Amino acid sequence: MKEKKRAIFIDFEFTMPDRHGRRKGFYQEIIEAGIVLVENGQIVEQFSSYVAPIRFPVLSERCKSFLNITQEQVDTGISFQELVNRLGRMGQLPASIITWGNMDMKVLRHNCQQAGLLFPLKGAEVDLSMEYKRFFGDQNQTGLWKAVQEYGREGTGRHHRALDDALTTYHIYKLVEKDKQYLERPKPTTIGDRVDFSKLLNKFA
């Protein structure tokens, strides 16, 4: 039986310090998760939830304003342990872990260390923003929604909502993969490639 090609597209939103950074020992914690599981090019599972932060449970005004998120939403979110369990279940079978940028996996790893939990994902990690940068030869990394707009498309839902950004990442992934396949296709042979005209002309000389 042929093994399914699996990919997990992930986006997290994090806590942010206030503008003056007065919280001693502050580090970013995941407060919203968006996950899209794809098998053989089809979405088979989506997950979205707020996540209650552990170390710094009270959100800064800057965080609430930037993410358009409320204290009540994260207070009623799942625990970080539940998020790790969910990721572990989705990542049981081999899968590529695809994010836009490298911060999602960095923060997840650090949050796991702080909580004394094992990192739940085992697949190869792909930073699609770097793939995009290399593919188009850009000097700087491009933001997620700017990248999709450069394709003449629009992002899914609202920027800085975790599931919407995870779906937008999947959307760009499909567009980039399609372009790669197009470039890798061999050029069709011309009639000049198929016929040796020098021999043909000698025959009629």
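Given the structure is predicted, the values throughout are model-derived calculations rather than measurements.

### A few points about the nonpolar core
The biggest cluster of nonpolar side chains holds 23 residues, and the ones touching the most others in it are Ile10, Phe12, Ile30, Leu83 and Leu108. Listed by contribution, the elements that provide at least two residues to this core are strand E1 (6-14), strand E2 (30-39), helix H3 (80-90) and helix H4 (103-115). Element by element, the count of residues in this core is highest for H3, at five residues. Those residues in contact with Leu83 that sit more than four places away from it in its chain are Phe12, Ile30, Ala33, Ile35, Phe47, Val51 and Ile78. Grouped together as the second largest cluster of nonpolar side chains are 19 residues, Val38, Ala147, Ile172 and Val176 included.

### As for the pairing of strand E3 (residues 42-50)
Relative to E3, E2 runs antiparallel, the two being bridged by eight bridges. The residue of E3 that forms the bridge with Gly34 is Ser48. As consecutive antiparallel partners, E2 and E3 are separated by two residues, and within that stretch Asn40 has a phi angle of approximately 50 degrees, a positive value.

### Describing the sheet that holds E2
Taken in spatial order, the five strands make up an open sheet running E3-E2-E1-E4-E5, and their pairing is mixed. Every other strand in the sheet has two partners, leaving E3 and strand E5 (125-127) as the edge strands with one partner each. The mean inter-strand angle of the sheet, taken between neighbouring strand axes irrespective of direction, is 20 degrees. Along the sheet, H4 makes contact with E1, E2, strand E4 (96-99) and E5, crossing E1 at roughly 75 degrees. Seen against the sheet, helix H5 (residues 128-136) touches E4 and E5 and runs at an angle of roughly 50 degrees to E5.

Analysis parameters
Residues numbered from 1 in each chain as written. Predicted model: local features only at pLDDT ≥ 70, side-chain atom pairs only at ≥ 80, totals over all residues. Heavy atoms only, no water. Core = buried A, V, L, I, M, F, W, Y, C linked by side-chain atoms within 4.5 Å. Buried < 20%, exposed > 50% of the residue type's maximum accessible area, 1.4 Å probe, protein only. Helix = DSSP H or I, 4+ residues; strand = E, 2+ residues; numbered from the N terminus. Contact = heavy atoms within 4.5 Å. Pairing = 2+ DSSP bridges. Axes fitted to C-alpha atoms, helices over the stretch in contact; angles between N-to-C directions.

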